[in-house]
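Fold and contact review
What follows is the residue order along each chain.
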Amino acid sequence: MMADSKNHWGQIYATKKSEEVSWTQQTPTTSLNFLHSFNLSKNASIIDIGGGDSRLVDCLLKEGFTNVSVLDISAHALQRAKDRLGEKASCVNWIEADITEFKPLRKYDVWHDRATFHFLTEGNQVAKYVAIASNFVNPNGYLTLGTFSEQGPAQCSGLSIRKYSEKTLNSALRKHFKKLHCILEDHLTPFHTVQNFLFCSFEKLA
Ligand SMILES: C[S@@+](CC[C@H](N)C(=O)[O-])C[C@H]1O[C@@H](n2cnc3c(N)ncnc32)[C@H](O)[C@@H]1O
């Protein structure tokens, strides 16, 4: 499963430019709004799970955050982000890993994931993800997840995904996290189609 997924994403990032994939955003405004709502100090440790070549890391560095990590299963995706950032790439902790096998070396104040969690379609994968997030987000730290909503597409990047409602996302996390805020949002893809996302923030229980 891991090898399949790694090959799939390696192939995507080797063959498609960012304007040729549905999830691309010029500015990840909703993610930033959620992160701002946590009133973080600039040295808060933030990890972007399945960050790919998202510009979230660029925005966080520009805002002065000094402790940012980006994790992705695809080395190629991380390389793209590094190339774009140039010298500033050395300020980021880059992690090539399958999130369901991730063995963090530290805890994080904020865990962000846009459009990665929803690829975990098996119950045991979801359980592994939630266990890792709950063990490695600091008490009273934050988690923010963006997934396809119940009105969203059934697939992303040719792979099946699991859609979430506020209720089902909360059920997946509530043992370890308290729900703070959820919104539904239409993402306009570079192909001028619309994908409905659910974004929710959570606080790690102490
Ligand atoms: C739809 S893209 C979203 C990228 C980015 N979060 C964004 O909003 O632009 C999904 C990303 O998750 C990564 N990914 C998929 N499965 C993964 C896994 N099991 N572990 C880590 N990363 C994964 C892919 O390589 C890809 O970069």
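Residues numbered from 1 in each chain as written. Predicted model: local features only at pLDDT ≥ 70, side-chain atom pairs only at ≥ 80, totals over all residues. Heavy atoms only, no water.

Structural notes on the sheet that holds strand 9 (residues 194-204)
Heads up, the rule is: Any two strands between which DSSP finds at least two bridges are classified as paired. Strands here are runs of E lasting at least two residues and helices are runs of H or I lasting at least four, both read from the DSSP assignment and numbered beginning at the N terminus. Note on definitions: angles span 0 to 180 degrees between N-to-C directions of axes, and those axes are lines fitted to C-alpha atoms, for helices only across the stretch in contact. It only takes one pair of heavy atoms within 4.5 Å for two residues to be counted as in contact.
Here seven strands make up an open sheet; going across it, the order is 3-2-1-4-5-9-8 and the pairing mixed. The open sheet is flanked by strand 3 (92-96) and strand 8 (177-188), the only strands paired with a single partner. Across this sheet, the average inter-strand angle for adjacent strands is 15°, counted without regard to direction. Across seven bridges, the pairing between strand 5 (residues 137-148) and strand 9 is antiparallel. Looking across to strand 9, one finds that Thr147 is bridged to Leu198. Its contacts with the sheet place helix 5 (residues 123-136) against strand 1 (46-49), strand 4 (108-114), strand 5, strand 8 and strand 9, and it is angled at close to 145° to strand 5. Strands in contact with helix 6 (residues 166-173) are strand 5, strand 8 and strand 9; relative to strand 9, the strand with the most contacts, it is inclined by about 35°.

So, the pairing of strand 5
To keep it simple, the criterion reads: Classification of residues uses two cut-offs on accessible area relative to the type maximum, computed with a 1.4 Å probe and protein chains only: under 20% is buried, over 50% is exposed, and between them is partly exposed. By definition, the crossover connecting two strands over a helix is right-handed if that path, from the first strand to the second, turns clockwise as seen with the strands pointing away from the viewer.
Burial analysis of strand 5 places nine of its 12 residues in the buried class, the great majority of the element. Direction of pairing for strand 4 relative to strand 5: parallel, over a ladder of six bridges. Within strand 5, the position partnered with Asp113 by the bridge is Leu145. Read as a crossover between parallel neighbours, the route from strand 4 over helix 5 to strand 5 is right-handed.

Observations regarding the packing of aromatic side chains
In plain terms, the rule: The aromatic pairing rule takes the rings of Phe, Tyr and Trp, using the six-membered ring of Trp, and pairs them if the centres are within 6.5 Å, calling planes under 30 degrees apart stacked, those over 60 edge-to-face and the rest tilted.
Scanning the entire structure with this criterion turns up 11 aromatic pairs. When the centroid spacing of 4.1 Å and the interplanar angle of 5° are considered together, the rings of Phe38 and Tyr142 count as stacked. Taken together, the residues Phe38 in the loop between helix 2 (29-37) and strand 1 and Tyr142 in strand 5 connect sequence positions 104 residues apart. By relative accessible area, Phe38 is classed as buried at 6%. Of the residues examined, Tyr142 reaches a relative accessible area of 18% and is grouped as buried.

Some details on the side chain of Ser31
Turning to its location among the elements, Ser31 is positioned in helix 2. Setting aside its immediate chain neighbours within four residues, Ser31 contacts Leu56, His112, Arg114 and Phe199.

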